[in-house]
Protein chains: 2
Amino acid sequence: MKRIPPFRSVRGLVLAALLAFGVQALAQTDPLPSWNDGPAKKAIVEFVQTTTTEGNPNFVPPEERVATFDQDGTLWVEHPMYSQVIYCLDRVPAVVKAKPELAKVEPFKTVMSGNRQAIANLSERDLFKILAVTLAGMSVEQFQEEVKHWLETAKDPRWKRPYTDLTYQPMQEVLAYLRDNGYKTYVVTGGGQDFVRVYAEQVYGIPPEQVVGTAGGTKYGYRKDGKPFLTKEPKLLLNDNNAGKPEGIHLMIGRRPLAAFGNSTGDRQMLEYTKAGDGARLAMLVLHDDAKREYAYGPAQGLPNTKVGAFTQALYDEAVKQGWIVISMKNDWKQVFSFEQ
Amino acid sequence: MKRIPPFRSVRGLVLAALLAFGVQALAQTDPLPSWNDGPAKKAIVEFVQTTTTEGNPNFVPPEERVATFDQDGTLWVEHPMYSQVIYCLDRVPAVVKAKPELAKVEPFKTVMSGNRQAIANLSERDLFKILAVTLAGMSVEQFQEEVKHWLETAKDPRWKRPYTDLTYQPMQEVLAYLRDNGYKTYVVTGGGQDFVRVYAEQVYGIPPEQVVGTAGGTKYGYRKDGKPFLTKEPKLLLNDNNAGKPEGIHLMIGRRPLAAFGNSTGDRQMLEYTKAGDGARLAMLVLHDDAKREYAYGPAQGLPNTKVGAFTQALYDEAVKQGWIVISMKNDWKQVFSFEQ
């Protein structure tokens with residue numbers, strides 16, 4: 001039971017107890033109750049059975065069982081804006097208060113104007129500029145406290161709930177199902193590694209050391225009392241998007257995943273890299289085609305293109321060609337969020 | 001038992017069986033049989049008991065139990081030259097064969113001369129140049145195969161054994177003892193991350209994802225048949241020495257270690273960072289003062305200074321001031337290598 005967060009230990013205990021008392025029904029329990037029967041659910045169950053059944057030609061020893069998950073749009077809502085971008089925008093007033101000269105400079109001027117449309121139209125370059133200014137120079141602990149506080153107070157305007165409530169129940173089931181079968185689950189996100197690490201253990205059951213993300217440098221130094229500390233630096237070490245995903249996986253994990261889950265062109269190389277390994281491999285893409293329960297976007301469906309999570313026609317074509325499985329939120333998911341019903 | 005390599009599962013099983021049958025003697029078994037009784041052994045045992053006994057004010061939940069180990073000079077022999085440097089020098093003839101123009105250029109000319117003294121005097125800059133040329137452009141898999149082959153064939157000239165035999169038995173016991181008590185053990189080395197990952201699981205029981213080391217970039221690309229692969233790049237991402245150790249720990253693990261082990265000035269910041277955390281912390285330095293069974297070096301002992309593992313007077317003074325514990329190889333270790341006796 002070592003190394004497993006408490007609430008998972010409890011689950012482990014319960015499982016062990018059930019097995020010990022010979023409850024046969026356990027084998028019949030559906031590990032993915034929020035999934036409708038269909039090719040997506042079938043593929044997940046078959047992959048797990050194939051790779052974990054001793055004697056199967058595709059059996060994989062437990063220490064090699066690695067599964068990687070993109071976060072935004074794959075594990076939780078990314079529309080209309082990544083949560084981390086909202087966090088950074090929310091920090092701008094405090095930053096401008098500390099450095100008033102920024103109020104007259106773009107992109108801070110636009111953010112301070114409160115013009116939603118203009119803010120939504122900020123370029124990636126502008127967002128990086130905001131990110132660098134809002135994060136740089138903080139100690140690692142200060143940053144963690146800030147993010148924690150923000151997560152406890154900020155709410156998504158549509159669901160009126162904390163952002164951490166907006167994870168997809170079916171994907172939480174996949175995470176738990178894989179772990180129950182000896183898989184180590186990783187978040188591999190274009191989002192900030194330090195940002196996601198603040199809540200990944202509580203929200204996904206994924207410890208900080210299993211979060212790979214876009215990472216800036218830190219700088220080791222000493223406080224006046226001689227105590228050492230790390231400061232966040234505006235230097236990019238790993239841009240964990242596109243080709244940066246397999247490169248980051250190699251750097252941080254050093255093993256090729258057996259299963260990978262994504263939802264946009266930024267995940268393409270991670271899925272390619274995963275599928276290029278020997279034996280049974282699973283590559284899946286979440287398609288946002290459910291305007292009623294979540295959102296519908298992506299040009300592959302003739303839906304409006306957006307800044308986040310571009311699921312292009314080229315990606316769709318590659319998925320078909322390579323045998324990646326597209327998860328239709330609308331058809332494959334019985335329930336989207338845990339708070340429904 | 002998930003996630004644990006097979007041979008450790010077996011040990012786990014045996015332990016569970018022993019406990020189940022109520023063998024009381026188990027509690028009396030010495031977890032560190034190669035250590036003489038003394039302050040070093042006592043500190044390790046007390047630290048483990050303190051941090052893992054529920055109800056103790058310094059109790060630490062299992063998921064936070066992280067211990068980091070420098071490699072060269074801490075887990076295995078580093079004198080007179082780091083094994084990875086020897087590996088790189090051994091590769092030079094093949095590199096020169098492929099690029100004959102290098103034979104006339106320093107530092108390759110010196111390496112090809114076979115002049116041992118001149119080779120030993122190469123600067124760190126020269127060695128980096130050799131490293132960059134010998135490793136760059138290889139695929140990650142090619143590199144792994146190369147290192148594996150080298151480890152199987154190369155032998156240390158003094159002991160006439162593979163380098164992987166030259167690990168310190170007492171430190172192997174510390175690794176196992178910590179893991180048996182719920183600790184995740186990490187190598188945090190100035191050596192190459194990809195190099196150490198090739199053998200860390202077999203030699204130390206430490207999986208690739210728990211090896212943090214000096215890391216170069218990789219580049220994602222496609223073979224002619226369309227298969228993706230990663231190439232090693234001569235671009236330094238993480239120089240895992242000195243301040244780079246706590247910075248690397250933050251990047252790769254995202255938690256502050258509770259215990260850290262080193263042997264030179266390159267480990268200073270890792271030990272400082274470890275000790276600066278709350279609660280019980282353990283910081284230890286291996287002192288090479290055993291010319292008979294291993295080597296004696298380091299100016300703190302009035303021993304000849306060497307290029308590797310500088311244990312300076314300043315480091316010794318800081319150890320005393322900060323309460324770090326110095327391990328005397330001569331006095332604290334009953335046995336140095338597993339093959340003795």
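Residues numbered from 1 in each chain as written. Chains lettered and ligands numbered in written order. Predicted model: local features only at pLDDT ≥ 70, side-chain atom pairs only at ≥ 80, totals over all residues. Heavy atoms only, no water.

**Structural notes on the packing of helix α2 (residues 39-52) of chain A against helix α8 (residues 169-180) of chain A**
All names here are of chain A.
Phase 1: Between α2 and α8, whose axes approach to 11 Å, the crossing angle comes to 15 degrees. Judged by the angle between their axes, α2 and α8 are roughly parallel. Handedness of the α2/α8 crossing: right-handed. The segment α2 lies against α8, with Ile44, Val45, Phe47 and Val48 engaging Val174, Tyr177 and Leu178.
Phase 2: Looking at the contact of α2 with α8 residue by residue, the class counts come to 7 nonpolar, no polar and no charged. (Axes fitted to C-alpha atoms, helices over the stretch in contact; angles between N-to-C directions. Helix = DSSP H or I, 4+ residues; strand = E, 2+ residues; numbered from the N terminus. Parallel < 35°, antiparallel > 145°, perpendicular 65-115°, else oblique. Left-handed = near helix turned anticlockwise from the far one by under 90°. Contact = heavy atoms within 4.5 Å. Nonpolar A, V, L, I, M, F, W, Y, C, P; charged D, E, K, R; others polar.)

**So, the interface of chain A and chain B**
Phase 1: Listed by partner, the interface residues are 49 residues for chain A and 47 residues for chain B.
Phase 2: Roughly 4400 Å² is buried in total at the junction of chain A and chain B, and carbon and sulfur atoms are behind 50% of that figure.
Phase 3: Our count for the contact surface shared by chain A and chain B stands at 8 salt bridges.
Phase 4: Among the salt bridges present, the one from B:Glu209 reaches A:Lys184, with a minimum N-O distance of 2.8 Å.
Phase 5: In this assembly, chain A and chain B are joined by 30 residue pairs in polar contact (both at pLDDT 80 or more).
Phase 6: Of the residues contributing to the side of chain A that touches chain B, the split by class is 22 nonpolar, 8 polar and 19 charged. (Buried area = accessible area lost by both parts, 1.4 Å probe. Salt bridge = Lys/Arg side-chain N within 4 Å of Asp/Glu carboxyl O. Polar contact = N/O pair within 3.5 Å; in protein donor to acceptor, adjacent residues only side chain to side chain.)

**Brief notes about the environment of B:Val111**
Residue and element names in this part refer to chain B.
Phase 1: As for its placement among the helices and strands, Val111 is situated in helix α4 (residues 108-113).
Phase 2: Judged by relative accessible area, Val111 falls into the buried class, the value being 11%.
Phase 3: Measuring from C-alpha to C-alpha, the distance between Val111 and Val92 comes to 7.4 Å, with 19 residues separating the pair along the chain.
Phase 4: Residues in contact with Val111, not counting those within four places in the same chain, are Leu89, Val92, Ile119, Leu122 and Ile130. (Buried < 20%, exposed > 50% of the residue type's maximum accessible area, 1.4 Å probe, protein only.)

**Remarks on the pairing of strand β1 (residues 66-69) of chain B**
All names here are of chain B.
Phase 1: Along β1, one buried face is formed by Val66 and Thr68 and the opposite face, lined by Ala67 and Phe69, is buried too.
Phase 2: Sheet topology note: the β1/strand β2 (residues 184-192) ladder contains 4 bridges and is parallel. The residue bridging Thr68 from the neighbouring strand is Tyr186, located in β2.
Phase 3: In the sheet, β1 pairs with strand β5 (residues 259-262) via 3 bridges, with the strands oriented parallel. Each residue of the ladder has a partner; that of Phe69, found in β5, is Phe261. (Pairing = 2+ DSSP bridges.)

**Some words on the relation of the copies chain A and chain B**
Phase 1: Aligned on chain B, chain A shows an RMSD of 0.0 Å; the corresponding rotation is 180 degrees and the shift along the axis is 0.0 Å. The two molecules are tied by a two-fold rotation axis, judged by turn and shift. Among all residues of chain A, the one whose C-alpha sits closest to the rotation axis is A:Met252, at a distance of 3.1 Å.
Phase 2: With an isologous cut-off of 70% or more, the 96% of interface residues of chain A that recur at the interface of chain B puts this contact in the isologous class. (Least-squares fit on C-alpha atoms with pLDDT ≥ 70 in both.)

**So, the packing of helix α7 (residues 140-153) of chain B against helix α9 (residues 193-204) of chain B**
All names here are of chain B.
Phase 1: Taken N-terminus to C-terminus, the directions of α7 and α9 make an angle of 60 degrees; their axes are 10 Å apart at the nearest point. One element, α7, and the other, α9, form an angle in the oblique class. The handedness of the crossing between α7 and α9 is right-handed. Residues Phe143, Gln144, Val147, Lys148, Trp150 and Leu151 of α7 lie in contact with α9, whose contacting residues are Asp194, Phe195, Val198 and Tyr199.
Phase 2: Across the contact of α7 with α9, the residue classes break down as 7 nonpolar, 1 polar and 2 charged.

**Considering the packing of aromatic side chains**
The geometry of an aromatic ring pair is captured by two quantities: the separation of the ring centres and the angle between the planes.
Phase 1: Summed over the entire model, instances satisfying the criterion amount to 36 aromatic pairs over all chains.
Phase 2: Judged by centre distance (6.4 Å) and plane angle (50 degrees), the rings of A:Trp150 and A:Phe195 are tilted. Of this pair, A:Trp150 sits in helix α7 (residues 140-153) while A:Phe195 sits in helix α9 (residues 193-204); the two residues are 45 residues apart in sequence, bridging distant segments of the chain. Here A:Trp150 and A:Phe195 have matching classes, each one buried.
Phase 3: A centroid spacing of 6.3 Å and a plane angle of 80 degrees characterise the contact between B:Tyr87 and B:Phe143, whose relative ring orientation is edge-to-face. Here the residue B:Tyr87 occupies a position in helix α3 (residues 83-98), and B:Phe143 occupies one in helix α7, the gap between them amounting to 56 residues.
Phase 4: Chaining the aromatic ring pairs together yields one cluster made of A:Trp76, A:Tyr87, A:Phe143, A:Trp150, A:Tyr163, A:Phe195, A:Tyr199 and A:Tyr204. (Phe/Tyr/Trp six-rings, centres within 6.5 Å; stacked < 30°, edge-to-face > 60°.)

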